[in-house]
Amino acid sequence: MSSLADFQNEIYLSGLADVVPDLPTDLTKLEELAEQKLSAASYGYVAGAAGSETTARANLEAFERWRIVPRMLRDVAERDLSVEVLGTAMPAPVVLAPVGVQSIFHPEGELATARAAASTGVTMVLSTAASNTMEDVAEANGSGPRWYQLYWPKDREMAVSFLERAKASGYTALVVTLDTFTLAWRPRDLDQAYLPFLRGIGVANFYSDPVFQKAVGGPVTEANKDAALMHWVANFGNPSLTWDDLAFLREHWDGPIALKGIQHPDDARKAVDAGMDGVIVSNHGGRQVDGAVASLDALPGIVEAVGDRAEVLFDSGIRTGADAAKALALGAKAVLVGRAYTYGLALGGEAGVRHVLRCLQAELELTLMLAGVTRPSELGAEFLTRV
Ligand SMILES: Cc1cc2nc3c(=O)[nH]c(=O)nc-3n(C[C@H](O)[C@H](O)[C@H](O)COP(=O)(O)O)c2cc1C
Ligand SMILES: O=C(O)C(=O)c1ccccc1
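Residues numbered from 1 in each chain as written. Chains lettered and ligands numbered in written order. Predicted model: local features only at pLDDT ≥ 70, side-chain atom pairs only at ≥ 80, totals over all residues. Heavy atoms only, no water.

- The protein carries the name Lactate 2-monooxygenase in an unreviewed UniProt entry, which gives Actinomadura barringtoniae as its organism.
- Under the UniProt heading Cofactor (unreviewed entry), the note attached to the protein is "FMN".
- Under Sequence similarities (unreviewed entry), UniProt gives the following word-for-word description of the protein: "Belongs to the FMN-dependent alpha-hydroxy acid dehydrogenase family." (UniProt positions renumbered as here; feature names shortened; annotations may be inferred.)

In structure tokens:
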């Protein structure tokens, strides 16, 4: 039986032909390489976070405070990392987080990510703020599994149009991001006076939308481009939304829905009460509320509050397969990675994203195997100790 850890043997064997990997296999090294390759503005956008970046750092430090306690002699000859999450079959509990404006990292943007996802069978979550339309990304993703992330625009008709387009182009689950109805105070971007949208990046799903076009008097051209940008600004986020509004989404989306950006157990309970199928414990990689609780520290309380009434996913701070193992042991059904693959995209396009996914999955499988675990469902807090 082939396993995700075979990537390790593949690398060693290629050494016999004097071939070594193009990118480091320690994924924590990618950030520094991306800094050398990207423009200062693009690098600042991905690496940066809110405020003085205390939460972004806390997200990483939280993983250091948990250590894995491996168990021996448990027959780990056969492993199976596959899981089903929000109705989607996955080779391992690892998902590509929604990351907008990917063309600022690589000319092929989300299309490269979509191809890497398809070739590994990993689920991608496409952002509303993508630099390519959801239809073009779907085509690049082919038969690969894909979910759609909604930034809920003020105009309800446009929101419905987004959902209908997503459904028609094969996105099977909806991820609704709650924590970013406006961008936070982000000094790296502010100091460079850098906002991708003002340069026309990240608006593809809006400008291609029939409801959006109707509002700006037709397709976006030189003649109406200022009006289009104003309409985008007016619509991007909606700070007035409340829990009651979720009924509207439930009505217009018949597949699974997960709420992203949950950090309090009571909010997780409200999500379940509102009929949501999942919650994603996330602080947006520390990019929204600086000083917010580390995402990993919020996870156990939310897992307990939700129980088996919905699926709990996790992101913010995952850089390695060992990190993923810790979040799974604390009760996450799957983890999403954001910056890790975005650095891969910046450094190597489709092949760079594939490298990151193969490293993450191989390291995760080896970590579980060496800790005495053959499948994700066997993991629990008993495999961790807090230091
Ligand atoms: C450059 C960048 C763009 C992002 N864009 C989006 C987005 O469009 N929608 C969204 O829900 N989250 C977005 N996120 C947040 C990620 O989905 C995810 O929550 C976060 O990156 C996880 O933390 P990590 O980077 O430490 O893995 C973005 C993150 C980054 C770094
Ligand atoms: O930068 C982000 O974190 C983010 O979520 C976002 C929001 C709007 C457009 C692109 C990215």
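Still to come is the rest of the account.
1. Points about empty space enclosed by the protein
- Counted according to the given criterion, the structure contains 3 cavities of 30 Å³ or more.
- The calculated volume of the largest cavity comes to roughly 500 Å³.
- Around the largest cavity, the lining comprises 33 residues; the ones closest to its centre are Pro98, Val99, Gly100, His284 and Arg287.
- When contributions to the lining of the largest cavity are tallied by element, the ones reaching two or more residues are helix 3 (40–47), strand 11 (334–337) and helix 16 (339–370).
- When grouped by side-chain class, the residues that make up the lining of the largest cavity number 15 nonpolar, 12 polar and 6 charged.
- Around the second largest cavity, the lining residues are Ile68, Ala325, Ala329, Thr367, Leu368, Ala371, Leu379, Phe383 and Leu384.
- Within the lining of the second largest cavity, the residues separate by chemical class into 8 nonpolar, 1 polar and no charged. (1 Å grid on protein atoms, 1.4 Å probe; cavity = no way out; pocket = protein on both sides within 12 Å on 5 of 7 lines; lining within 4 Å. Points joined across faces, edges and corners; volume = space filled by probe spheres on them. Helix = DSSP H or I, 4+ residues; strand = E, 2+ residues; numbered from the N terminus. Nonpolar A, V, L, I, M, F, W, Y, C, P; charged D, E, K, R; others polar.)

2. Description of the nonpolar core
- Ranked by internal contacts, the top residues of the largest apolar core, which has 111 residues, are Phe105, Leu296, Leu299, Ile302 and Phe314.
- If we skip the residues at most four places from it in the chain, Leu299 touches Val281, Val312, Phe314, Ala327, Leu330 and Ala332.
- Membership of the second largest hydrophobic core comes to 15 residues, among which are Val95, Ala97, Ala334 and Leu336. (Core = buried A, V, L, I, M, F, W, Y, C linked by side-chain atoms within 4.5 Å. Buried < 20%, exposed > 50% of the residue type's maximum accessible area, 1.4 Å probe, protein only. Contact = heavy atoms within 4.5 Å.)

3. As for the pattern of salt bridges
- Applying the stated criterion across every chain, the model contains 18 salt bridges.
- Of the charged contacts in the structure, one is a salt bridge between Asp297 and Arg65, with a shortest N-O distance of 3.1 Å. Taken as a pair, Asp297 in helix 14 (residues 295–306) and Arg65 in the loop between helix 4 (54–64) and strand 1 (66–68) lie far apart in primary sequence, 232 residues in all.
- For Arg65, a relative accessible area of 27% puts it in the partly exposed group. (Salt bridge = Lys/Arg side-chain N within 4 Å of Asp/Glu carboxyl O.)

4. As for the UniProt feature "domain: FMN hydroxy acid dehydrogenase" (unreviewed entry) in the protein
- The UniProt record annotates "domain: FMN hydroxy acid dehydrogenase" (unreviewed entry) at residues 19–387.
- For the annotated span residues 19–387, helix accounts for 42% and strand for 13% of the residues, and the straight-line distance between the end C-alpha atoms is 40 Å.

5. Thoughts on the UniProt feature "binding site: glyoxylate" (unreviewed entry) in the protein
- Here the UniProt-annotated "binding site: glyoxylate" (unreviewed entry) positions come out as Tyr45, Tyr151, Arg186, Lys260, His284 and Arg287. Considering only the residues just annotated, the largest cavity is lined by Tyr45, Tyr151, Arg186, Lys260, His284 and Arg287.
- Mapping Lys260 onto the fold places it in strand 8 (residues 257–262).
- When you line up the elements, His284 lands in the loop between strand 9 (278–281) and helix 14.
- Aside from chain neighbours lying at most four places away, what touches His284 is Tyr151, Thr177, Asp179, Thr180, Arg186, Lys260, Asp315 and Ser316.

6. Describing the environment of Arg156
- Along the polypeptide, Arg156 turns up in helix 7 (residues 156–168).
- If we ignore the near neighbours within four places in the chain, the residues touching Arg156 are Leu241, Asp245 and Phe248.

7. Section: the sheet that holds strand 11
- Spatial ordering of the closed barrel is given by 4-5-6-7-8-9-10-11, a layout of 8 strands whose pairing is parallel. Strand-to-strand twist of the sheet, defined as the mean angle between neighbouring strand axes without regard to direction, takes the value 30 degrees.
- Note: strand 5 (residues 123–127) against strand 6 (residues 146–150), 4 bridges, orientation parallel. Paired with Val125 across the strands is Trp147, a residue of strand 6. (Pairing = 2+ DSSP bridges. Axes fitted to C-alpha atoms, helices over the stretch in contact; angles between N-to-C directions.)

8. Let's talk about the side chain of Thr120
- Here Thr120 lies in helix 5 (residues 109–120).
- What makes Thr120 buried here is its relative accessible area of 18%.
- At 3.1 Å, the side chain of Thr120 and the backbone oxygen of Ala117 are in polar contact.
- With residues near it in sequence (within four places) discarded, Thr120 still touches Pro91, Arg354, Leu357 and Arg358. (Polar contact = N/O pair within 3.5 Å; in protein donor to acceptor, adjacent residues only side chain to side chain.)

9. Overview of the site of ligand 1
- Residues in contact with ligand 1 amount to 23 residues; listed here are only the nearest, Pro98, Ser127, Thr177, Asp315 and Arg319.
- Here an oxygen atom of ligand 1 and a side-chain polar atom of Thr177 are 2.7 Å apart.
- Measuring from an oxygen atom of ligand 1, one finds a backbone N or O atom of Gly317 at 2.9 Å.
- Across the complex, the protein chains shield 98% of the 600 Å² of accessible surface that ligand 1 would expose by itself.
- Assessed atom by atom at 2 Å from the grid points, ligand 1 resides in the largest cavity. (Near = heavy atom within 4 Å. Areas by Shrake-Rupley, 256 points an atom, 1.4 Å probe, with all protein chains shown as cover. Sits in = over half its atoms within 2 Å of the grid points.)

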